[in-house]
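Overview (structure and organization)
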Amino acid sequence: MLPAALPTVSFGSDGTQAGPAEQSTGPAITLKSGVTAYAGVNPKTTNDDAGKELTSIIVSVGNEDPNPVSLEVGTITVDRPVVTNWHTSASDAVPFSD
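Let me sum up the structure you'll find in this document. Every value quoted in this text rests on a predicted model; they were computed, and no experiment measured them.

Within the chain, the regular secondary structure consists of zero helices and seven strands. Starting at the N terminus and ending at the C terminus, the chain contains elements arranged as β-β-β-β-β-β-β. Here the chain has a C-alpha radius of gyration of 14 Å; the compact-globule value for 98 residues is 13 Å, and the two agree. With respect to the three principal axes, the spread of C-alpha positions in the chain is 40 × 30 × 20 Å. Burial statistics for the chain: of 98 residues in total, 31% are counted as buried. Partitioning the contacts of the chain with sequence separation of at least 6, the portion at a separation of at least 24 is 74%. Entry remark: accessible area of the chain is about 6,000 Å², with carbon and sulfur atoms responsible for 51%. Between the mean site of the 4 positive side-chain charges and the mean site of the 11 negative ones, the chain shows a separation of 3 Å.

Right under this line is the structure:
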């Protein structure tokens, strides 16, 4: 079961954490055969050249997940990152900037 909460997403060795892209959390999602869950991440929501260049993303199901996963992503610019709730539709998980 995926909780009715945001996934926890942070970037780089300094742990820059993504904030919420949506106003409220969605319902918990029960994973079973035929059910796929998606969460969207936007590492840069600002419209300027500012930001930090980082090379990894750390993702966990939520704050209580004891096993976060660190992924090397190449160099990305991070400035005011956001993450969506868990969704069962990929198109619903696309985070938009403010």
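After presenting the structure, the write-up continues.
Topologically, proline 81 is positioned in the loop between β6 (69–78) and β7 (82–83). Spatially, the C-alpha atoms of proline 81 and proline 43 are 4.2 Å apart, while their sequence positions differ by 38 residues. Those residues in contact with proline 81 that sit more than four places away from it in its chain are Phe11, Thr16, Gln17, Ala18, Gly19, Asn42 and Pro43.

Counting seven residues, the largest nonpolar core consists of Val9, Phe11, Ala18, Leu54, Ile57, Val78 and Val83. Elements supplying a minimum of two residues to this core: β1 (8–11) and β5 (52–60). Those residues in contact with leucine 54 that sit more than four places away from it in its chain are Phe11, Gly12, Asp14, Thr16, Gly74, Thr75, Ile76 and Val78.

Tallied over the full model, the rule gives three salt bridges. Salt-bridge contacts for lysine 44 lead to aspartate 48; the nearest nitrogen and oxygen are separated by 3.4 Å. Aspartate 48 sits in the partly exposed class, given a relative accessible area of 41%. Two residues, lysine 44 and aspartate 79, come together in a salt bridge whose shortest N-O distance is 3.9 Å. Within this pair, whereas lysine 44 is found in the loop between β4 (41–42) and β5, its partner aspartate 79 is found in the loop between β6 and β7, the two being separated by 35 residues in sequence. Relative accessible area serves as the criterion here: at 18%, aspartate 79 is assigned to the buried category. Three or more residues joined by partner-sharing salt bridges are found here, namely Lys44, Asp48 and Asp79.

Parameters and conventions
- Residues numbered from 1 in each chain as written.
- Predicted model: local features only at pLDDT ≥ 70, side-chain atom pairs only at ≥ 80, totals over all residues.
- Heavy atoms only, no water.
- Helix = DSSP H or I, 4+ residues; strand = E, 2+ residues; numbered from the N terminus.
- Rg over C-alpha atoms; globule rule 2.2 N^0.38 Å.
- Buried < 20%, exposed > 50% of the residue type's maximum accessible area, 1.4 Å probe, protein only.
- Contact = heavy atoms within 4.5 Å.
- Areas by Shrake-Rupley, 256 points an atom, 1.4 Å probe, with all protein chains shown as cover.
- Lys, Arg positive; Asp, Glu negative; His and termini not counted.
- Charge placed at Lys NZ, Arg CZ, Asp CG, Glu CD.
- Core = buried A, V, L, I, M, F, W, Y, C linked by side-chain atoms within 4.5 Å.
- Salt bridge = Lys/Arg side-chain N within 4 Å of Asp/Glu carboxyl O.

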